[in-house]
Amino acid sequence: QIRPHNPPSGVSLYGRGHTTPLIDNSATSIHLTMNLSKSALTTLVGLISASSTTAFTPSASRAARSIASRGLSSVNTAWTRRAASTVSSSCRNVSGGTALKANVLKLTEPAKDLLPNVDVFIFDCDGVIWRGDSVIEGIPETLAKLRSLGKKMYFVTNNSTKSRAGYKKKFDSLGLSDVPAEEIFSSSFAAAAYLEQTKFKDSGKKVYVIGEVGIQEELDLIGVDHFGGPEDGGKKPDMGPGCKLDHDPDVGAVVVGFDRNINYYKIQYAQLCINENPGCEFIATNTDAVTHLTDAQEWAGNGSMVGAIKGCTGKEPTVVGKPSPLMIDYLCEKLGLDRGRICMVGDRLDTDVLFGTDNGLKSVLVLSGVTTEEKLLSQENTITPDFYADSIVDFFVDETAAVEAKA
């Protein structure tokens, strides 16, 4: 069953805007615990309280099935782990110091610390494999070396603009033709998988799409009726006196993915469906703040589109992309993977690394994308990978060093 990622309203799991309390260096361990700031304790209580509520599900019957199959304790454990992590990070920070500098290790000996302990690598794509339409230097050779070691690889991206077939074409165009379509998982696929596993098709309802062709192609594969997307890119609602925008009462879900042609018509149509159609689901492929459309700069991500719909509906979406456990659950259940031998590799703390830490995976943050070393090691950051590296090329940094030493 699916466990969508739905943080409780008003609580940040990502550390954004969170001020870590400072602890007096001279205090004993007992006093360190007792002197936690009131705000830290309030955060802990709020998170633990939130853990007692079940994650959002489209209907009570699906919620019952999910709880029966996994047990409510699995939901509680995830939230409690995040709460404990928040307080643990607060305890480690001392006045005038940055605790994470000592606790996040830069990967310098991958042949000893990483490669022997991992059978499966899950790679993010944007900022890890490529930036915009340019493959990152050394990536083809690195992937070939990992394959030669017998490592399995999967490529999981929050970008919903393409389907799995569309991403296969992109891999091929960048000289990565050795990557088969079966190793690629996009958030557009995750949205379709969510609807398929919750038996949305049986409802006879339709999906309104804010997004691009990737979502539409994946919905076609599961036989779900849909409309919107690129076809509504040039539409404008008539807003003269007495005018209104009519919407289809048979829309049972609105899927919001990255949309380079989002407009007011789409926003209005989505809010009408969500606010006025009973039981209409609000599904987000991801909530990434920025993305890599080109290698020249960062661009506003799907979080801006999702935020627009949240703002006019007052509702939180069901998020199916990272850090939701949907795709890792799918991989482990369908392919029989051992979570303890999987490593998530990405360039984002609040999606990629959190996807790893929240789902029992090892994690490596690479600095080839959106996250800087300064942000990773800052006092404000509470999300900690096992290692960090400049790029995945560093997975063989000790091998390169040995060759250079011989030369």
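Our structure is the block above this text.
Described below are features of the structure shown in this document. Along each chain, the written sequence defines residue order, and numbers are assigned to residues from 1. It should be noted that, the model being predicted, local features are given only for residues of pLDDT at least 70 and side-chain atom pairs only at 80 or more, the latter also being counted only at that level, while totals for whole chains, interfaces and linings use all residues. As a rule here, side-chain values come from all non-hydrogen atoms in the structure, and water together with hydrogens is ignored.

1. A word on the pattern of salt bridges
So, point 1. Salt bridges are defined by distance alone: a side-chain nitrogen of Lys or Arg within 4 Å of a carboxyl oxygen of Asp or Glu. A full pass over the atoms with the stated rule returns 16 salt bridges.
So, point 2. Linking E183 and R147 is a salt bridge whose minimum nitrogen-to-oxygen distance equals 2.8 Å. With E183 in the loop between α8 (164–173) and β6 (184–186) and R147 in helix α7 (residues 139–148), this residue pair connects regions lying 36 residues apart in the sequence.
So, point 3. For the exposure calls, accessible area comes from a 1.4 Å probe over protein chains only, and a residue counts as buried if that area is under 20% of its type's maximum, exposed if over 50%, partly exposed in between. R147 sits in the partly exposed class, given a relative accessible area of 30%.
So, point 4. The partner of D259 in a salt bridge is K266, and the shortest N-O contact between them spans 2.7 Å. Secondary structure elements are taken from DSSP: a helix is a run of H or I of four residues or more, a strand is a run of E of two residues or more, and numbering for both begins at the N terminus.

2. A closer look at the sheet that holds strand β7 (residues 206–210)
So, point 1. Pairing in this open sheet of 5 strands is parallel, and the strands run β8-β7-β9-β10-β13 from one edge to the other. Only two strands of the sheet have a single partner each, and these edge strands are β8 (226–228) and β13 (318–319).
So, point 2. Pairing between strands requires that DSSP locate at least two bridges from one strand to the other. Judged from the 2 bridges that link them, strand β10 (residues 281–284) and β13 form a sheet pairing that is parallel. Across the sheet, A284 pairs through a bridge with V319, a residue of β13.
So, point 3. Between two residues, a contact is recorded if the distance between any of their heavy atoms is within 4.5 Å. Axis angles are defined between N-to-C directions and span 0 to 180 degrees, where every axis is a line fitted to C-alpha atoms and, for a helix, only to the segment in contact. Along the sheet, helix α11 (residues 264–276) makes contact with β7, β8, β9 (251–256) and β10, crossing β7 at roughly 145 degrees.
So, point 4. Sheet strands in contact with helix α12 (residues 302–313) are β7, β9 and β10, and its direction is about 160 degrees off that of β10.

3. What to know about the sheet that holds strand β1 (residues 105–106)
So, point 1. The sheet built from 7 strands is open, its strands ordered β1-β16-β15-β14-β2-β5-β6 with parallel pairing. Of all the strands in the sheet, just β1 and β6 have a single pairing partner and so form its edges.

4. Comments concerning α11
So, point 1. Its 13 residues place the ends of α11 18 Å apart at the C-alpha level, agreeing with the 18 Å of an ideal helix rising 1.5 Å per residue.
So, point 2. Buried residues dominate α11, accounting for 10 of its 13 residues.
So, point 3. Turning to α11, its buried residues are Y265, K266, I267, Q268, Y269, A270, Q271, L272, C273 and I274.
So, point 4. Where α11 is buried, its residues meet β7, β8, β9, β10 and α12. Multiplying one less than the number of residues by 1.5 Å gives the expected span of a helix.

5. Some details on unusual backbone geometry
For residues other than glycine, phi is negative in most cases, and the peptide bonds are mostly trans.
So, point 1. A cis amide bond links K322 with the next residue in sequence, P323, at an omega value of 10 degrees.
So, point 2. Along the chain, the position of P323 falls in the loop between β13 and α13 (326–335).
So, point 3. Residue K199 is not a glycine yet carries a positive backbone phi of 60 degrees.
So, point 4. By the secondary structure assignment, K199 is in the loop between α9 (187–197) and β7.

6. A word on α9
At 3.6 residues per turn, the α-helix brings residues three or four places apart onto the same side.
So, point 1. The buried fraction of α9 amounts to 9 of the 11 residues, a majority that puts the element mostly inside the structure.
So, point 2. K199 sits one or two positions beyond α9 and adopts a positive phi of about 60 degrees.

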